[in-house]
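These are the residues of each chain, in order.
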Amino acid sequence: VQNAEDRAVRRPHKIQVQFTDEEMDLYLSEIQRQEAADANILSIISRKRMMSSCWPVYARKYKIAHSPSVDSKFDALREVIKNVVDEQDKKIIIFSFFTETLEYLHEELSNLGYQTAVIHGKRTNRQDEIDRFTNDPECKIFLSSEVGSEGLDLQFCDSLVNYNLPWNPMVVEQRIGRIDRVRQQSSILHIYNLLISGTIEEKIYNRLLDRIGIFRAALG
């Protein structure tokens, strides 16, 4: 059994993304439009989370006429991937709770030449994708919804991205638990938490820190 003093150290990285003026203007105007339409609060919160998760997906899903010309959050993710995958030649896990965001990331990363494995509730080939990520040296990116936050042993990775942070801190811990395992060989685990300033994601991040103390080491 691995002793506590032998456990890997979690190193958090708070990746605070700044929306462009165009992205923020569209974010705020869309919220105003929803509030004017007298949408219920849960619907508005859900849409805020989806917009801050992935503007291109939101625009496509809700048929928004004008979508931002850039995706600042994806650009920030690319920098993390360049560091971990390209420069260090390591594998990385990326979590999002939106199925549409995962498919978007799969498409965009594939266009950039990366091989990705994807699992979420709408895909039926879960074990095939897990096996490919585990065994194929060319498949270095694992995209997962919460279906991958429990029961998986991915201790051959030492880097994880929270592309979206959930409200529930236990979900964050379950995600990190995929790599913080007994047979983890790395002494340091890198946890990258992406959040967009001035959006609901910043509120979720701060709420997680306020609610619990033990996860500060995981969140930064």
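The structure displayed is predicted, hence computed values, not measured ones.

(A) Fine view of the overall build of the chain. Looking only at helices and strands, the chain has 9 helices and 6 strands in total. Against the compact-globule benchmark of 17 Å for 220 residues, the chain has a radius of gyration of 17 Å, which places it among compact chains. Principal-axis analysis of the C-alpha atoms gives the chain an extent of 55 × 40 × 30 Å. Counting all 220 residues of the chain, 50% fall into the buried class. In the chain, 73% of the contacts between residues at least 6 apart in sequence involve partners at least 24 apart. When the accessible surface of the chain is summed, it comes to about 10,700 Å², and 48% of that surface belongs to carbon and sulfur atoms. Charged side chains of the chain number 29 positive and 33 negative; the gap between the two group centres comes to 4 Å.

(B) Inspection of the confidence of the model for the chain at higher detail. A residue-level look at the chain finds 90% of positions with pLDDT of 70 or above and a mean pLDDT of 87. When pLDDT is averaged over each helix and strand of the chain, the minimum, 54, is found for helix 9 (residues 216-219) and the maximum, 97, for helix 4 (residues 72-87).

(C) Looking closely at the pattern of salt bridges. Applying the stated rule across the entire model yields 12 salt bridges. Between E173 and R10 there is a salt bridge, and its shortest N-O distance comes to 2.8 Å. Of this pair, E173 sits in helix 7 (residues 169-176) while R10 sits in strand 1 (residues 9-17), and the two are 163 residues apart along the sequence. Across the pair D180 and R10 runs a salt bridge, and its minimum N-O distance is 2.9 Å. Taken together, the positions of D180 in the loop between helix 7 and strand 6 (188-196) and R10 in strand 1 put the pair 170 residues apart, joining distant regions of the chain.

(D) Representation of the environment of V70. Among the structural elements, V70 can be located in the loop between helix 3 (55-61) and helix 4. For the pair V70 and R183, spaced 113 residues apart in sequence, the C-alpha to C-alpha distance is 40 Å. Apart from residues no more than four positions distant in its own chain, V70 is found in contact with T20, E22 and E23.

(E) Expanded view of the packing of helix 1 (residues 21-36) against helix 2 (residues 41-53). Two numbers describe how helix 1 lies on helix 2: the axes approach to 11 Å, and their chain directions differ by 160 degrees. With respect to helix 2, the element helix 1 is oriented roughly antiparallel. In this structure, helix 1 meets helix 2 at a crossing whose hand is right-handed. Along the contact surface, helix 1 presents Y27, E30, I31, R33, Q34 and E35, while helix 2 presents I44, R47, K48, M51 and S52.

(F) Here's a closer look at the packing of aromatic side chains. For the structure on display, the rule yields 7 aromatic pairs. Here Y58 and Y62 contribute two aromatic rings whose centre-to-centre distance is 4.7 Å and whose plane-to-plane angle is 45 degrees, an arrangement assigned as tilted. When its relative accessible area of 0% is taken as the criterion, Y58 is described as buried. On the accessibility criterion, Y62 (27% relative accessible area) is partly exposed. Within the aromatic cluster, the residues linked to one another by ring pairs are W55, Y58 and Y62.

(G) Geometry of the sheet that holds strand 2 (residues 92-95). With parallel pairing, 6 strands are arranged side by side in an open sheet as 1-6-5-2-4-3. Both outer strands of the open sheet, strand 1 and strand 3 (115-119), are each paired with one neighbouring strand and no more. Each strand of the sheet is rotated relative to its neighbour by a mean of 20 degrees, with strand direction disregarded. Pairing of strand 3 with strand 4 (residues 139-144), which is carried by 5 bridges, proceeds in the parallel orientation. Opposite Q115, over in strand 4, you have C139 as the bridge partner. Across the face of the sheet, helix 6 (residues 126-135) comes into contact with strand 2, strand 3 and strand 4 while running at roughly 145 degrees to strand 3. Against the sheet, helix 7 makes contact with strand 1, strand 2, strand 5 (159-162) and strand 6, and its axis sits at roughly 155 degrees relative to strand 5, the strand it touches most.

What counts and what doesn't
- Residues numbered from 1 in each chain as written.
- Predicted model: local features only at pLDDT ≥ 70, side-chain atom pairs only at ≥ 80, totals over all residues.
- Heavy atoms only, no water.
- Helix = DSSP H or I, 4+ residues; strand = E, 2+ residues; numbered from the N terminus.
- Rg over C-alpha atoms; globule rule 2.2 N^0.38 Å.
- Buried < 20%, exposed > 50% of the residue type's maximum accessible area, 1.4 Å probe, protein only.
- Contact = heavy atoms within 4.5 Å.
- Areas by Shrake-Rupley, 256 points an atom, 1.4 Å probe, with all protein chains shown as cover.
- Lys, Arg positive; Asp, Glu negative; His and termini not counted.
- Charge placed at Lys NZ, Arg CZ, Asp CG, Glu CD.
- pLDDT = per-residue confidence, 0-100.
- Salt bridge = Lys/Arg side-chain N within 4 Å of Asp/Glu carboxyl O.
- Axes fitted to C-alpha atoms, helices over the stretch in contact; angles between N-to-C directions.
- Parallel < 35°, antiparallel > 145°, perpendicular 65-115°, else oblique.
- Left-handed = near helix turned anticlockwise from the far one by under 90°.
- Phe/Tyr/Trp six-rings, centres within 6.5 Å; stacked < 30°, edge-to-face > 60°.
- Pairing = 2+ DSSP bridges.

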